[in-house]
Amino acid sequence: LLVNRPTSWRSCVSLARIKFEKYFNHKAKNLLHSFPLDTRMKDGSLFWQSPKRPPTSLVFDTDNTDHIAFVISCARLYANVWGIQYSEADLAAESILPLIAATEIPSFRPSGKRIETDEKAAAPDKIDESSKDDMDFVVATLDKHLSSAQVTPDTLKMFPETFEKDVDANGHIDFITAASNLRAQMYSIDSADRFKTKRIAGRIVPAIATTTAAIAGLVSVELIKLVQKSNLESYCNAFINLALPCMVFSEPAPAPRTTILEGVSITLWDKWQIQGNPAMTLQQFITEVKQRFGLEPAMVVHGVKMIYVPIMPGHKKRLPQPIAKFIKAVGQEYVDFTISFENEEGEEVEGPPVRYFFGN
């Protein structure tokens, strides 16, 4: 943050070029240094056998479009995060190539980190090996950089990037395409074009345009009926298969009803409603539900928050307190509670959600 922060478009390009070397060259070399191609496991079998593939370190080539695309897109992301300005001219090859050529690339140094190959081996205990001298050095170095005239509140500002697949100008899909293709090349995997990458990264479900158009039209017809408040017999379910072609319409059947109490039945669309007020306590709410619907609330939950569970410590003390105290619903007219009910025999009964109106 203090030492390696890019301060110009040139430094963004240099940092992106170094990242290429780290992720697509040095990491492959380090893995092959730890596990050469002839490495064998304890049982004598080769380490590099299916499904494991040995990586191939990539050598940066200015004539390779994937290599240049990675540097440009990565540099753009760094510039956006650090608020560094750049122009369309800066993205041109004639502007990028001299900056890449002027970048000093660190030489490869094998890592001394041990890589565990036994999947059944227990994870080693993490031991803090840092000494007081190490901590003093870190603090002194940090103080030195913070006291530098180049470090100001403005230079420490960062601007997070939120992934957006549908804005080509941000370069997000360009970066993912270049990085994933380079990774694929390291392991001899077929690369993908920008469109396929966008579909995968954006979790886009492919659909035939004609089917999409037909479904959109049928939904629009039903919405018009809804706006016109048509009778139930006017609505239709549609089942289509354009490959046959086949299109079948049917009248919607009533929602199945479940009897939960003598004289009381519900569907999955039902919601019971309670009109409250700012002073209504939890006990008054439970009593109101019991009097209106004939069932005893045994548990009251809002989302993932337990409002009232009798067996939980301290929950019975909540009964005389206003119910609004336990809900964060600023500006909302109502909330939906999930309630577990009990009948007179103490048996659990599944009821519908209960919509509570605050009555402000």
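Cut-offs applied
- Residues numbered from 1 in each chain as written.
- Predicted model: local features only at pLDDT ≥ 70, side-chain atom pairs only at ≥ 80, totals over all residues.
- Heavy atoms only, no water.
- Helix = DSSP H or I, 4+ residues; strand = E, 2+ residues; numbered from the N terminus.
- Rg over C-alpha atoms; globule rule 2.2 N^0.38 Å.
- Buried < 20%, exposed > 50% of the residue type's maximum accessible area, 1.4 Å probe, protein only.
- Areas by Shrake-Rupley, 256 points an atom, 1.4 Å probe, with all protein chains shown as cover.
- Lys, Arg positive; Asp, Glu negative; His and termini not counted.
- Charge placed at Lys NZ, Arg CZ, Asp CG, Glu CD.
- Patch = residues over 30% accessible without salt bridge, like charges linked within 9 Å, V, L, I, M, F, W, Y side chains within 5 Å.
- Salt bridge = Lys/Arg side-chain N within 4 Å of Asp/Glu carboxyl O.
- Axes fitted to C-alpha atoms, helices over the stretch in contact; angles between N-to-C directions.
- Parallel < 35°, antiparallel > 145°, perpendicular 65-115°, else oblique.
- Contact = heavy atoms within 4.5 Å.
- Nonpolar A, V, L, I, M, F, W, Y, C, P; charged D, E, K, R; others polar.
- Left-handed = near helix turned anticlockwise from the far one by under 90°.
- Disulfide = S-S within 2.5 Å.
- Pairing = 2+ DSSP bridges.
- Expected span 1.5 Å × (residues − 1).

Draft legend 1. Structural view of the overall build of the protein. Helix and strand content of the protein: eight helices and 10 strands. Relative to the compact-globule value of 21 Å for 360 residues, the protein shows a C-alpha radius of gyration of 32 Å, a clear excess of over 25%. Oriented by its inertia axes, the alpha-carbon framework of the protein measures out at about 80 × 70 × 55 Å. The buried share of the protein, reckoned over its 360 residues, is 27%. About 24700 Å² of surface is accessible on the protein, with carbon and sulfur atoms providing 56% of the total. If you average the places of the 40 positive and of the 43 negative side-chain charges in the protein, the two averages end up 3 Å apart.

Draft legend 2. Focus on a nonpolar patch on the surface. A grouping of Ile215, Val219, Leu223 and Leu226 is seen on the molecular surface, where their side chains present a nonpolar patch of about 360 Å² in accessible area. Within the element layout of this structure, valine 219 appears in helix α7 (residues 209-227). The partly exposed category is assigned to valine 219, whose relative accessible area is 44%.

Draft legend 3. Seen up close, the packing of helix α5 (residues 172-186) against helix α6 (residues 194-201). At a minimum axis distance of 9 Å, the contact between α5 and α6 shows a crossing angle of 105°. Classified by the interaxial angle, the pair formed by α5 and α6 is roughly perpendicular. Residues Ile173, Asp174, Ile176, Thr177 and Ser180 of α5 pack against Arg194, Thr197, Lys198 and Ala201 of α6. Counted by class, the contact of α5 with α6 contains three nonpolar, three polar and three charged residues.

Draft legend 4. Region of interest: the packing of helix α1 (residues 9-34) against α5. Interaxial distance between α1 and α5 falls to 11 Å at its minimum, and their mutual angle equals 15°. The angle between α1 and α5 falls in the class roughly parallel. The interaxial crossing formed by α1 with α5 has right-handed handedness. For the pair α1 and α5, contact is made by Phe20, Tyr23, Phe24 and Ala28 and by Ala179, Leu182, Arg183 and Met186, respectively. In the contact of α1 with α5, the residues fall into seven nonpolar, no polar and one charged.

Draft legend 5. View of the state of the cysteines. As enumerated under the stated definition, the model contains zero disulfides in all. Considering cysteine sulfurs only, cysteine 246 is the nearest to cysteine 236, which forms no disulfide, with 15 Å between them.

Draft legend 6. Just the environment of lysine 290, in detail. Looking at the secondary structure, you find lysine 290 in helix α8 (residues 282-293). For lysine 290 and glutamate 342, which are 52 residues apart along the polypeptide, the C-alpha to C-alpha distance reads 9.8 Å. In this structure lysine 290 touches Leu295 and Glu296, once residues within four positions along its chain are discounted.

Draft legend 7. Region of the structure containing unusual backbone geometry. For the bond from serine 50 to proline 51, the omega torsion is 10°, close enough to zero to count as cis. As for its placement among the helices and strands, proline 51 is situated in the loop between α1 and α2 (65-82). Here serine 188, not a glycine, exhibits a phi torsion of approximately 55°, which is positive. By the secondary structure assignment, serine 188 is in the loop between α5 and α6. According to the relative accessible area criterion, serine 188 is exposed, its value standing at 59%.

Draft legend 8. Main features of the pairing of strand β6 (residues 296-302). With five bridges joining them, β6 and strand β8 (residues 334-342) adopt antiparallel strand pairing. From the neighbouring strand, valine 300 faces β8, where its bridge partner is isoleucine 339. Pairing of β6 with strand β7 (residues 305-308) involves three bridges; the strand directions are antiparallel. Within β7, the position partnered with valine 301 by the bridge is methionine 306.

Draft legend 9. Summary view of α5. The end-to-end C-alpha distance of α5 is 22 Å, a good match for the 21 Å that 15 residues give at a rise of 1.5 Å each. Those residues of α5 not exposed but buried are His172, Ile173, Thr177, Ala178, Ala179, Asn181, Leu182, Ala184 and Met186. Where the residues of α5 are buried, they touch α1, α2 and α6. At the exit of α5 stands serine 188, carrying a positive phi of roughly 55°.

Draft legend 10. Main features of the pairing of strand β10 (residues 354-357). Side chains Val354 and Tyr356 of β10 all project onto a buried face; the interleaved residues Arg355 and Phe357 project onto the opposite face, where all are buried too. Pairing analysis gives four bridges linking strand β5 (residues 272-275) to β10, with the strands arranged parallel. Note on β10: the bridge partner recorded for glutamine 275 is phenylalanine 357.

Draft legend 11. Region of interest: the pattern of salt bridges. One pass over the full model with this rule turns up nine salt bridges. In this structure, the salt-bridge partner of lysine 198 is aspartate 166, at a minimum N-O distance of 3.9 Å. With lysine 198 in helix α6 and aspartate 166 in the loop between α4 (132-146) and α5, the pair connects residues that are 32 residues apart, well separated along the chain. Ionic contacts of the salt-bridge type, sharing partners, join the residues Lys165, Asp166 and Lys198 into one network.

Draft legend 12. Fine view of a positive patch on the surface. On the surface, Lys22, Lys27, Lys113 and Arg183 cluster together to form a positively charged patch. You can call arginine 183 partly exposed: its relative accessible area is 45%.

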